[in-house]
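# Summary of structural features
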Amino acid sequence: MTAPKAGASLNPYRDVLGLEVTPERLEENLAAFSDILVELRKLRNLNLTDVHPAVVFDPTGGTCDEETER
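Residues numbered from 1 in each chain as written. Predicted model: local features only at pLDDT ≥ 70, side-chain atom pairs only at ≥ 80, totals over all residues. Heavy atoms only, no water.

To continue, consider the overall build of the protein chain. Check the secondary structure of the protein chain and you find two helices and zero strands. Out of the 70 residues belonging to the protein chain, those deemed buried represent 1%. Only carbon and sulfur atoms are counted for the fraction: they give 58% of the accessible area of the protein chain, which is about 7,100 Å². (Helix = DSSP H or I, 4+ residues; strand = E, 2+ residues; numbered from the N terminus. Buried < 20%, exposed > 50% of the residue type's maximum accessible area, 1.4 Å probe, protein only. Areas by Shrake-Rupley, 256 points an atom, 1.4 Å probe, with all protein chains shown as cover.)

Right, let's talk about the pattern of salt bridges for a bit. Applying the stated criterion to the full structure yields two salt bridges. R14 is paired through a salt bridge with D15; the nearest N and O atoms lie 3.0 Å apart. Where K42 meets E39, a salt bridge forms, and the shortest distance between an N and an O atom there is 3.2 Å. You can see K42 and its partner E39 sitting in helix α2 (residues 23-44), three residues apart, about one turn around the helix. In this structure E39 comes out as partly exposed when scored by relative accessible area, which is 41%. (Salt bridge = Lys/Arg side-chain N within 4 Å of Asp/Glu carboxyl O.)

Residues F33, I36, L37, L40, L43, L46, L48 and V51 make up a contiguous nonpolar surface patch of about 750 Å² in total accessible area. L37 gets classed as partly exposed once you look at its relative accessible area, which sits at 35%. (Patch = residues over 30% accessible without salt bridge, like charges linked within 9 Å, V, L, I, M, F, W, Y side chains within 5 Å.)

Attention now goes to the side chain of D15. Relative to the assigned elements, D15 resides in helix α1 (residues 12-15). Polar side-chain contacts of D15 include one of 3.0 Å to the side chain of R14. (Polar contact = N/O pair within 3.5 Å; in protein donor to acceptor, adjacent residues only side chain to side chain.)

Attention now goes to α2. Along α2, the sharpest kink reaches roughly 45°, centred on S34. Burial within α2 is sparse, with just zero of its 22 residues counted as buried. (Bend = angle between axes of the 7 residues up to and from the residue.)

Limitation: the analysis is restricted to geometry and does not speak to function.
This is how it looks when you write it as structure tokens:
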């Protein structure tokens, strides 16, 4: 990955992700994922404060020592 030149505009795909994306390819990708972005915005606007999650992450994997289980 190369450092951006002084005075050059920032390109997050190149500068952050290390990807070289042509403007044509970027336009194709944005068009392909635009429908997904619309659906993500709908999900982000949902009020889920009173909804219990379907899955609760347990970092212990569901196993506990007898001493810690109370």
